[in-house]
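Chain residues, written in single-letter form:
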Amino acid sequence: GESSWEYSGRGLTYYPQGDPTGDEDGFPGSLFGVGHDQQQYVSEISIPIPVISKNLDDLNTAQTLQPFADITLGMFGESDLPRLGIQYLPPLPGQSTGKLHFVHGQHFQAFEPSHGWSELTLDNPQPAGAWLFDGYSNYVTSDYLLEIPESWAASIPGAPRLASGRFREGVWGGFGPTLLAYSLPLDGSPPPPGATLPDVTPLLLYGIQQPGETDIVSDESMQMQGYNADDSWWGGAWLTNGDRAAVIFAGTKALGKSWYGFANGVTWDYACAEQNPPTCPEVPEWPYDSRGYWAEGYQPQVLFYNPADLVAVANGQMQSWQPQPYAVLDLTERFFNPQLDLANYKYEITGAVALDRERGLLYIMERLADGYKSVVHVWRIR
């Protein structure tokens, strides 16, 4: 198609009916994934047999089932540092087909339509949307999507089947990852473009959403344990295995001291340009000329939360910032290239997440691990 898997990994989801011949190798189904960051096109690929090896040449290669296409048909226009989360969901009541639900975001936002769905036929996606989250800033809604299992959705007001969230680096989106459950019309019909989705239930939010305020109000008393301003959480999943469950977030954890400025340690005061004379430092030479939040070190990680805590938040029994991770999984030893590479614009290590719930298979993308392309890692949940 008109994109590639270079600089990819923003969105990923599992489709059970994809690649019908995959049953022969024990890994049926397919993955829909988001390609190059600047285009945000989606392709469907097969799932080859996973291989345990640290040699890239030993790995099997996924095949294209549907080439890259824009499932939103340009409904969001040009975006600054765009992001696109996707999640397959079987047909809702009143629907004849399952949908590829999506959420779009960009670097700076306020209260903008962000969510929608498309058909699974990528060359004719027929997108519906985009829709607004009632009362919530895009800084906490517009990055990743995950399915809520029916058994857990029944314990949340409105029995929502989808949850969305975002971790906005810095201090604007709260001091940790967010997750908000949302419901769609019961008859399965799409709301009109620009409509507001009214049934939004916070499950996790490290701060307070003030009416009409883009930035989340938060302080150290509301932060995730181990929070760092340059954390980057890019995907999540609601894992289940018998009577056990966990909600996970995968991402790139910032370690040690953090600062706003440049990667070589030069700091930048927000008000420096307003001083007389201006006190802003010189911008460092490439590849250290990208201004933002930085930290002393980085580690690919998965955070584990107890879903019962998130359900308690939904039912008003806990504050939205009280749930904390009960475990952390360091992915460094499993990843091929677990570090940043500024010269190649690799600012995140871990990409998006997909879950094959029936077989207990968890897929996590590692960015820029095969040259500029992504590698998909697979875990079996026991």
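Up top is the structure these notes are about.
All of these numbers come straight from a predicted model, not from anything done at the bench.

**Student:** Sorry, what's going on with the side chain of Asp143 here?
**Tutor:** Position of Asp143 relative to the elements: it lies in the loop between β8 (128-133) and β9 (144-147). A distance of 3.1 Å separates a polar atom in the side chain of Asp143 from a polar atom in the side chain of Arg83. Asp143 has contacts with Arg10, Arg83, Leu84, Gly85, Val103, Gly165, Arg166 and Trp233, leaving out every residue within four places of it along the chain.

**Student:** Any chance you could explain the sheet that holds strand β13 (residues 200-204) here in plain terms?
**Tutor:** Strand order across the open sheet formed by 4 strands is β9-β10-β11-β13, with antiparallel pairing between neighbours. Two strands in the sheet have a free side with no partner beyond their single neighbour: β9 and β13. If you compare each strand with its neighbour and ignore which way they point, the axes differ by 30 degrees on average. In this sheet, strand β10 (residues 162-165) lies alongside β9 in antiparallel orientation, the contact comprising 4 bridges. Bridge pairing in β10 places Glu147 opposite Leu162. Against the sheet, helix α2 (residues 307-314) contacts β11 (179-182) and β13, and its axis sits at roughly 140 degrees relative to β13.

**Student:** Can you help me understand the pairing of strand β7 (residues 115-118) in this one?
**Tutor:** When a strand is regular, its side chains alternate between the sheet's two faces. On β7, burial covers both faces: His115 and Trp117 on one face and Gly116 and Ser118 on the other are all buried. Summarising the sheet, strand β6 (residues 99-105) and β7 pair through 4 bridges and their orientation is antiparallel. Within β7, the residue paired with Val103 across the bridge is His115. As defined by bridge partners, β7 adjoins β8 across 3 bridges and the pair is classed as antiparallel. By the bridge assignment for β8, Trp117 is matched with Ala128.

The rules behind each value
- Residues numbered from 1 in each chain as written.
- Predicted model: local features only at pLDDT ≥ 70, side-chain atom pairs only at ≥ 80, totals over all residues.
- Heavy atoms only, no water.
- Helix = DSSP H or I, 4+ residues; strand = E, 2+ residues; numbered from the N terminus.
- Polar contact = N/O pair within 3.5 Å; in protein donor to acceptor, adjacent residues only side chain to side chain.
- Contact = heavy atoms within 4.5 Å.
- Pairing = 2+ DSSP bridges.
- Axes fitted to C-alpha atoms, helices over the stretch in contact; angles between N-to-C directions.
- Buried < 20%, exposed > 50% of the residue type's maximum accessible area, 1.4 Å probe, protein only.

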